[in-house]
Structures are given as C-alpha cells and as structure tokens.
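Notes for the structure review
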Amino acid sequence: MATLSIDPRVSGRTADFVATDHRMLIDGRFVPAASGKTFPVYNPATGEILTHVPEAEAEDVNRAVLAARRAFDEGPWPRMAPSERGRILWKIADLIEQHTDEFAELESLDNGKPFAVARVADVPLTVDMFRYMAGWATKISGKTLPLSAGYDFHSYTLREPIGVVAQIIPWNFPLLMAAWKLAPALACGCTVILKLAEQTPLTGLRLAQVMDEAGVPAGAVNVLTGFGEGAGAPLAAHDLVDKVAFTGSTEVGKLIVKAAAGNLKKVTLELGGKSPAIVFPDAKIDQAVSGTASAIFFNHGQCCCAGSRLYIHEKVFDQVVEGVSNIASDIKLAPGLDPSCQMGPLVSDEQYRKVVSYIESGIAEGARVQAGGPVSGVERGYFVRPTVLTNTNPRMKVVQEEIFGPVVCAVPFGDKDVDAILKRANDTVFGLASSVWTQDLSMAHKVARGIRAGTVWVNCHNVFDASLPFGGYKQSGWGREMGEEVLNNYLETKAVTVAL
Ligand code: ADP
C-alpha cells in the first residue's frame, strides 16, 4: 500500500514497516479484518495519511476472544513453568531494546511526540516494564494460613490467573500503555486481547511481531486495530472474557463498566485527571518553575496525570507564573522527527479542536492568557502552543474538566492553613496525581496525606517506575497499574482447606 507522507527523516526500516500491508495478530497468525476493511492512520505533524490498518469489528473480536479462550483453557501459556514465561517476557524486552530507534521513530511519527523523548522515555520505560514483570512471573505465590477453626486443618491460598483479559488502551503513550497492560497480565499467566487506540496503532502492531518472535504461543496474545464502538465495545461486552482492563477517558470508562455487567467480568480502569501542583513560598523557585512547567507540558499535556491546576502561594505567584510562561513561550513547536522539536503536534485533529476550544472558553469566561493562546502560528499539523491562564475561578470548565493538552491554570493562594489548600486541591471529581513543591518536610508529608489521589510527587512530577503503583481515587479509576499491586488485577485467590 502506498504511503503518502513518510517523513524523509525516518530510517528505511521504519519507512518499510509503515508501508507494509498491516495485519492484526489473531491466534498466532497475522491477518486482515474479516470484512477486509481498513482505516487510515494520520501523521499529526502534517494531517496527511501515513498508512492504513485493518478495521476490526465484532467478528474479528469474536475470533480473537475464542483464540484467547482456547489458549487459556487448553494452551501452554498458563501451564508453562513460570521461569519460562519470565524468559519470554525478558526476550520481548531485549527485542524492543534492540529496536529502540525504530520504535521511537514509529511512535514519534504516529503520535507526534519528539523522537528524543520517545527514545529516552517511552521505549526504555516499556523495556523496564517487561523486565520488571518477567521477574514477577516466578514470584507469584499464595500463603499458608493458620485457622482458628481447629488444628486439624491445613489451609493455603493459590494465586491463579484470572483468565481471558481484554485490554483497551489510549493514544498518548501507545507503546508504553501496551506494556503496562500486557506485561503483568502475561506474567500472571493470563491470555490477552489487546485493542490499540485507533489514532496510534503502529508501535502496537510492531510489538505484536516482536511478541511473536519472542515465542509467545498462538492465542496467548491477540492484537486488534479498530475503533471504540466497532471493536472496543464488543470486546468489553464479550461473555467469554473474564476481565477488562481499560485506560482512557472517564466517559468511556463508565461505558466499559456497563458493558462488563452482562457477565460481571472484573474491571480495572485508569481514567482521567485534573492533577494539582502546589507551590509553597519556601520552594526552591527554579526547581518549582521548571518542574511545574514540565508537569503540564511533558507529552504536550496529553498525560492523565498532567499538572493542569497550578496552585501557587501569593508570595511567589508572579515569579512562578512569569517563569512558567517564559518556558512556555520559548518551547519550539516542530514535527516530532525534527531534531529541534521540543513539542510536537497534538495527536489528532479532534484533539486539536478540543484543546483550542477549551482555551477559547477560558478566555470567554474571563481567564487571562499569560503565554500561548488559541493560535499556534504553525501552518499545518495539529500544533497548540503551550498555554498559561490566570484569573480563572474554580467553576470554569478549564479548571474543572480534563483538557488533555498543554494548558495550565495558575491560581494564587494565601492561606497558611493546609486544610484550605487541600480543600482546593481536592475540589475535583478526579484523584489521579498531584505534586507538592516545598522545602518544609512536615508540610510535604501533611499534604501527601491530605491529597485524595493515587500519586503524590514531592519536588518532582511525572516520575514513573515499573515498581511504583499508579492509579486513581474517585473518578480517576479502579485498581492500580504497575508495581506488585497490578498483579491483583490479573489474579484470582483460591482458598484450599484440607482436613488432616
Ligand atoms: P480519548 O477520548 O482520549 O481518545 P477514549 O476513552 O475515547 O479516549 O479512548 C480510549 C480507548 O478506548 C481507545 O482504544 C478507544 O478506541 C476505546 N473506546 C472508545 N469508545 C469505546 C467504547 N464505547 N467501548 C470500548 N472501548 C472504547
């Protein structure tokens, strides 16, 4: 299939992959959609079509679920020695690492993020996730339990894979989100149907090849490309699926819960956020300025944990706003593969329009633009300038709703009382992440306790590690990803009691 707009900077290998006749992985074979339908994938830096991928619909979903069901009920993956599963996960990590540049190029081309960022963040974090979970494969175990019912019993628990898992992921970190989902499920011995985001399927399709090459048996992992309604919805509703793990918007998260009700499949959700970053007057100001700027502008603000509400003590408000605004104004917008790129385009036309309309609504409601604004000045592609708004109030849409773009609302506070600051920080339906900027240890820990969110960073933001659990309070989700905790998402506990 002809590729229409491959960036001339990409390597031959990446260009060849983009140009291939893309196939989905179902039951160990690379196949087109049953209907033969495909849909276009766009280059967000130009708005042009990069390539086409299969459009999975209910029939393809059903084939993939039957394959995963068979692989779970009869296949080798859940029955394999844990060390062998660990070895295969480690091999996946090695193969991704060997192709770091290729994965980073593909991610940059498809998602729009800077190549340099994909190379130092997305790809290595993906590799780490597979290695970390490779280690867990041999360490999943139950307990022996002393019963008060009497001495003549021997009781223990078994931790068993939950079964067939449907995984639905978003477009902001396409490869990394696939790893966050696949690696723990596979370590636990589950079989998987992964649906990639329709905007960014390319690294997931390349990962499917890598997993096949690493020796994942037929049906243990199935990878689908398709839309939310056409492929995601039938997958979330399928009766032969035991569990659905979803990352995306809170709105779709609620649809997933309803879809899962038919067979009461287990559900975990990693959803939206409106994370506060709180700067106290004793913070190291340079650190707070660069840290809170990167909290919102990293990945173009397309992070569920972006620090999009910036609360700054009034004593340092002007200084911090000026510093963050200067950083915003200096950021160079360019296609992700341009070596000078500091911020690429947003992922899609839809996302571009949504973010611009939020900026416009903030201005219409009285917010003041300190940097950026609705006009990017870039001729083509879905570019939005990093934007700093002040003079907002707590009921404005820009303050309450998740924008998922490089837009921050800076709000002064004068309260000495920690409770009042916490009340403001917690005044949101979300509870995913937060950061606190202070040199006062006691204040840092008090705020860390008081914030209703799954992550608190102190004098840093957006620090991720395969060992750190990540997930949301309130409407930011159910369950945790990563760390030992994620294993709970993919395991059942069985209690065995033997009368002696
Ligand atoms: P965004 O709005 O940021 O694109 P979404 O929550 O819409 O995030 O999408 C995240 C993932 O959920 C994507 O893979 C998308 O295809 C999928 N999705 C969207 N709608 C549904 C749905 N009704 N059921 C299942 N999956 C869906």
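See above for the structure.
Residues numbered from 1 in each chain as written. Predicted model: local features only at pLDDT ≥ 70, side-chain atom pairs only at ≥ 80, totals over all residues. Heavy atoms only, no water.

What to know about the overall build of the protein
A count of helical and extended segments in the protein gives 16 helices and 20 strands. Its C-alpha atoms give the protein a radius of gyration of 23 Å, near enough to 23 Å, the size a compact globule of 500 residues would have. Its C-alpha atoms put the protein at 70 × 70 × 40 Å along the principal axes. In the protein, which comprises 500 residues, the proportion classed as buried is 56%. The contacts of the protein with a sequence gap of at least 6 include a subset with a gap of at least 24, amounting to 73%. Carbon and sulfur atoms provide 52% of the accessible area of the protein, an area that totals close to 19700 Å². With 47 positive and 55 negative side-chain charges, the protein shows a separation of 4 Å between the mean positions of the two kinds. (Helix = DSSP H or I, 4+ residues; strand = E, 2+ residues; numbered from the N terminus. Rg over C-alpha atoms; globule rule 2.2 N^0.38 Å. Buried < 20%, exposed > 50% of the residue type's maximum accessible area, 1.4 Å probe, protein only. Contact = heavy atoms within 4.5 Å. Areas by Shrake-Rupley, 256 points an atom, 1.4 Å probe, with all protein chains shown as cover. Lys, Arg positive; Asp, Glu negative; His and termini not counted. Charge placed at Lys NZ, Arg CZ, Asp CG, Glu CD.)

Focus: the site of the ligand
Neighbouring the ligand are 19 residues, the closest being Ile-169, Trp-171, Lys-195, Glu-198 and Ser-249. Contact between the ligand and Ala-233: a nitrogen atom at 3.4 Å from a main-chain N or O atom of the residue. At 2.7 Å, a side-chain N or O of Ser-249 approaches an oxygen atom of the ligand. Out of a free accessible area of 560 Å², the ligand has 82% covered by protein chains. Among the detected pockets, the ligand sits in the largest pocket. Across the shell around the ligand, the residue classes tally to eleven nonpolar, six polar and two charged. (Near = heavy atom within 4 Å. Polar contact = N/O pair within 3.5 Å; in protein donor to acceptor, adjacent residues only side chain to side chain. 1 Å grid on protein atoms, 1.4 Å probe; cavity = no way out; pocket = protein on both sides within 12 Å on 5 of 7 lines; lining within 4 Å. Sits in = over half its atoms within 2 Å of the grid points. Nonpolar A, V, L, I, M, F, W, Y, C, P; charged D, E, K, R; others polar.)

Some words on a nonpolar patch on the surface
Taken together, the side chains of Leu-145, Leu-147 and Phe-153 make up a nonpolar region of the molecular surface, amounting to roughly 230 Å² of accessible area. In this fold, Leu-145 is placed in strand β5 (residues 144–145). (Patch = residues over 30% accessible without salt bridge, like charges linked within 9 Å, V, L, I, M, F, W, Y side chains within 5 Å. Salt bridge = Lys/Arg side-chain N within 4 Å of Asp/Glu carboxyl O.)

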